[in-house]
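# Breakdown of the fold
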Amino acid sequence: MSFKLVNIWNPKGGQGKSMIAINLAAAAVEMGLKPLVICQDPQGTSRMIYAGGRLPFEVISSIPQEKPDANLVLIDHQASDWELPKGRIVLMPVKPARTQYKTYVDARKLAEKAGKQVITVVTDAQHHRAEERATAERLVEKGAIEIPSSGVFSRADAQLMTIFDPEMNKAYKVKDRRGDFMKILGALMAEVLEEEGRTQNVA
Ligand SMILES: Nc1ncnc2c1ncn2[C@@H]1O[C@H](COP(=O)(O)OP(=O)(O)O)[C@@H](O)[C@H]1O
Ligand SMILES: [Mg+2]
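A brief look at the structure comes next. (Residues numbered from 1 in each chain as written. Chains lettered and ligands numbered in written order. Predicted model: local features only at pLDDT ≥ 70, side-chain atom pairs only at ≥ 80, totals over all residues. Heavy atoms only, no water.)

## Description of the environment of Gln-78
- When you line up the elements, Gln-78 lands in the loop between β4 (72-76) and β5 (89-94).
- You can call Gln-78 partly exposed: its relative accessible area is 23%.
- In this structure, Gln-78 is in contact with Lys-17, Cys-39, Gln-40 and Asp-41, ignoring residues within four places of it in sequence.
- A distance of 3.4 Å separates the side chain of Gln-78 from the backbone oxygen of Asp-76, its partner in a polar contact. (Helix = DSSP H or I, 4+ residues; strand = E, 2+ residues; numbered from the N terminus. Buried < 20%, exposed > 50% of the residue type's maximum accessible area, 1.4 Å probe, protein only. Contact = heavy atoms within 4.5 Å. Polar contact = N/O pair within 3.5 Å; in protein donor to acceptor, adjacent residues only side chain to side chain.)

## Observations regarding the environment of Met-31
- The topology assignment puts Met-31 in the loop between α1 (17-30) and β2 (35-39).
- With relative accessibility at 53%, the residue Met-31 sits in the exposed group.
- Once the C-alpha coordinates of Met-31 and Leu-139 are considered, the two residues, 108 residues apart in sequence, prove to be 27 Å apart.
- Leaving out residues up to four positions away in the same chain, Met-31 has contacts with Met-182 and Leu-185.

## Describing helix α3 (residues 98-113)
- For α3, which comprises 16 residues, the first-to-last C-alpha distance of 23 Å matches the rise-based estimate of 22 Å (1.5 Å per residue) to within 8%.
- Among the residues of α3, those classed as buried are Gln-100, Tyr-101, Thr-103, Tyr-104, Val-105, Ala-107, Arg-108 and Ala-111.
- Close packing links the buried residues of α3 with β5, β6 (117-123) and α4 (130-141).
- Following α3 by one or two positions, Gly-115 adopts a phi angle in the positive range, close to 80°. (Expected span 1.5 Å × (residues − 1).)

This is the structure in structure tokens:
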């Protein structure tokens, strides 16, 4: 099976990398894909949620030696990991609070300089704070996708599941939040198709 690789990267902790890795993988399952999440820290968030036994996909803790039996591979990078990911598509979550934002700006510069295709996902923006709202709006204007701040994520986390778990069906605005992930998946697939078109043109 040939697979698409997406790195979820931002060297700052707490930006939403693990949250996006598992929920995006769950969205991919909904779309009939076979995702695989790689989380290099055995004690990392996505590994711990996987250990709960409720995820409809695998989360492993090292890059497999052989070609994985999956068609979408998501790497959930660790905090403080400044090594530029190898794949072309880099998904960068960012919380727009002033203390969080700078690491993203620096890392994105590195990624863009290296010719990466960056997809930015704004997470948990507090829109009642003018400064955060302005940052979030500016990023969205430039093409970022926003996952609004929502209690569904901590609720799903506490039960070691994703927001796509049927047990979350009645959670407040969960359909909207699921829709956000479908949108991210759509943006990723558009990048992947573009990439394939380009390699075919070269060949
Ligand atoms: N849009 C959001 N709304 C509410 N909480 C969020 C949102 N995005 C992320 N979070 C929360 O932020 C925290 C850190 O996210 P996490 O995925 O662990 O970050 P990272 O993997 O980048 O360290 C988690 O508790 C997660 O549920
Ligand atoms: Mg994490």
